[in-house]
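Results of the structural survey
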Amino acid sequence: MNSDAEKRALAASRISVAPMMAWTTREQRYFMRQVTRHALLYTEMVTTGALIHGDTARFLAYHADEHPVALQLGGSDPAAMAHCAVLAEEHGFDEVNINVGCPSDRVQNGTFGACLMGEPQRVADSVAAMKAQVSIPVTVKTRIGIDHQDSYEFLHAFTHAVNEAGADQLIVHARKAWLSGLSPKENRDIPPLDYPRVHALKQDFPALPMSINGGIVDLDTTADQLEHVDGVMIGREAYKNPYVMAEVDRRFFGSDHAVPSRSEIVDSMRGFIADHLQAGGALKDITRHMLGLYHGQPGGRAWRRVLSEQAYKPDADLNVLDAALARVEPLEAVA
């Protein structure tokens, strides 16, 4: 690692929000940035084929306020991966990440995602090809194993290959993936978590920055994990209960900014929503990501109900947000 930009990107990865298909859209990322200024955000996975042959500008679009933000790539051809890494750097992304964790049939058919754990040299070749072309960090997100290839020796050999190729960080989802027999949803819950295996891996590769992912739902657990690894990636909890990230900046990045209230976060979204509506977008594109903001709070169900029932109407505008906020603001003040 040479540049200050690289160091900043990896410092941000101390706490990150996991890439999630259909969830971590640019609208969700802008919303999440109102909750935490410093945690690293990831795009949804974009395949190299879609990026090279599809609507490149759309796939690489993001709001300037999203930084630090990383692009996650799905692919297995080193030349194509390198080409897309260059596109990521040219468009200002702070990191480019290789998906070696997704277990869906679609990615298996494309020979990328979790099935690539069985081809560590191919992943290493992609890392090396990308590193040769860009200065931003090139990272790998993986599982602890696949199917019956789930020994520690298997994980160690994979890690050795990507480390030798120059990967700037390894993000490990502490569950193995079953490539047949389980759906992607089941693969997020059924294979048991094995945090100690990731901790052992970090001990064996002390110089390789390493983050842990999987089943982490609160900041106390996050702090405990940081005793063993360099970073923590929070996934579904950050989406279901986004306010869990509100204390991240003060607790893990030393920020002295006041923690925003939920209503302040809502107000900070108004300009972005107005611009989106003026450009022809629908209110639901944004508010579907905000449903969990009052998760577990008085009035939280009413908040979700108003947004769910009214934001989908063709003429829905900021008045819907005001109506939802009116159901929780008095309760928030009392709390």
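How each quantity is defined
Residues numbered from 1 in each chain as written. Predicted model: local features only at pLDDT ≥ 70, side-chain atom pairs only at ≥ 80, totals over all residues. Heavy atoms only, no water. Helix = DSSP H or I, 4+ residues; strand = E, 2+ residues; numbered from the N terminus. Rg over C-alpha atoms; globule rule 2.2 N^0.38 Å. Buried < 20%, exposed > 50% of the residue type's maximum accessible area, 1.4 Å probe, protein only. Contact = heavy atoms within 4.5 Å. Expected span 1.5 Å × (residues − 1). Arc of directions from axis to C-beta. Core = buried A, V, L, I, M, F, W, Y, C linked by side-chain atoms within 4.5 Å. Axes fitted to C-alpha atoms, helices over the stretch in contact; angles between N-to-C directions. Parallel < 35°, antiparallel > 145°, perpendicular 65-115°, else oblique. Left-handed = near helix turned anticlockwise from the far one by under 90°. Nonpolar A, V, L, I, M, F, W, Y, C, P; charged D, E, K, R; others polar. Disulfide = S-S within 2.5 Å. Lys, Arg positive; Asp, Glu negative; His and termini not counted. Salt bridge = Lys/Arg side-chain N within 4 Å of Asp/Glu carboxyl O. Polar contact = N/O pair within 3.5 Å; in protein donor to acceptor, adjacent residues only side chain to side chain. Pairing = 2+ DSSP bridges. Right-handed = clockwise from strand over helix to strand, strands pointing away.

As for the overall build of the chain
Scanning the chain for helices and strands turns up 19 helices and eight strands. Computed over the C-alpha atoms, the radius of gyration of the chain is 20 Å, within 12% of the 20 Å expected from 2.2 N^0.38 for a compact globule of 335 residues. The C-alpha extent of the chain, read off along each of the three principal axes, is 55 × 45 × 40 Å. Taken over 335 residues, the chain has a buried fraction of 52%. Considering only contacts in the chain between residues 6 or more positions apart, those separated by 24 or more positions represent 73%.

Some remarks on helix 7 (residues 120–131)
Between the first and last C-alpha of helix 7 there are 16 Å, a value that for 12 residues agrees with the 16 Å anticipated at 1.5 Å per step. Among all positions of helix 7, only Val123, Ala124, Ser126, Val127 and Met130 are buried. For helix 7, the angular spread of the buried residues around the axis is 160 degrees, confining them to a single face. On the buried face of helix 7, the contacting elements are strand 3 (69–74), helix 5 (78–90), strand 4 (95–100), strand 5 (138–143) and helix 8 (152–164).

A look at unusual backbone geometry
In the segment running from His67 into Pro68, the intervening peptide bond is cis, with an omega of -5 degrees. Note that Pro68 resides in the loop between helix 4 (56–59) and strand 3. For Ala22, which is not a glycine, the phi torsion comes out positive at approximately 70 degrees. Residue position: Ala22 is located in the loop between strand 1 (15–17) and helix 2 (26–35). Residue classification places Ala22 among the partly exposed residues on the basis of a relative accessible area of 42%.

Re the nonpolar core
One finds Val140, Leu170, Met245 and Trp303 to be the most contacted residues of the largest nonpolar core, which totals 95 residues. The greatest single-element share of this core, amounting to six residues, is contributed by helix 8. Excluding its chain neighbours within four sequence positions, the residues that come into contact with Met245 are Ile15, Val17, Met32, Val35, Thr36, Ala39, Ile234 and Ala238. One finds Leu40, Ala70, Ile171 and Met233 within the second-largest nonpolar core, a separate group that totals six residues.

A word on the packing of helix 5 against helix 7
Contact geometry for helix 5 and helix 7: axes closest at 8 Å, N-to-C directions at 40 degrees. When the interaxial angle is binned, helix 5 and helix 7 end up oblique. Considering how the two elements wind past one another, helix 5 and helix 7 form a crossing that is right-handed. Only Asp125, Ser126, Ala129 and Met130 of helix 7 make contact with helix 5, whose side of the interface consists of Pro78, Met81, Ala82 and Ala85. Classifying every residue of the contact of helix 5 with helix 7 gives six nonpolar, one polar and one charged.

A few points about the state of the cysteines
Evaluated as defined, the whole model comprises zero disulfides. Free of any disulfide, Cys84 has its nearest neighbouring cysteine sulfur in Cys102, separated by 17 Å. Taking the relative accessible area as the measure of exposure, Cys84 reaches 0% and is therefore buried. Its sulfur unpaired, Cys115 is 9.5 Å from the next cysteine sulfur, which belongs to Cys102.

Some remarks on the side chain of Lys141
Of note, Lys141 is situated in strand 5. As a buried residue without a salt bridge, Lys141 has its nearest oppositely charged side chain in Glu95, at a separation of 11 Å. Looking at Lys141, its side chain comes within polar contact range of the side chain of Asn213, at 3.1 Å. Non-local contacts of Lys141, meaning those with residues more than four positions away in its chain, are made with Pro19, Gln72, Asn97, Ile98, Asn99, Val100, Gly101, Ile171, His173, Asn213 and Met233.

Side note on the pairing of strand 3
For strand 3, a buried count of six out of six residues is recorded, marking the element as mostly surrounded by other parts of the structure. Pairing analysis gives five bridges linking strand 2 (residues 40–47) to strand 3, with the strands arranged parallel. From the neighbouring strand, Val46 faces strand 3, where its bridge partner is Leu73. As defined by bridge partners, strand 3 adjoins strand 4 across four bridges and the pair is classed as parallel. Looking at the pairing, Ala70 lines up with Glu95 of strand 4. Handedness of the crossover joining strand 3 and strand 4 through helix 5 is recorded here as right-handed.

Don't take any of this as a statement about function, it's just geometry.
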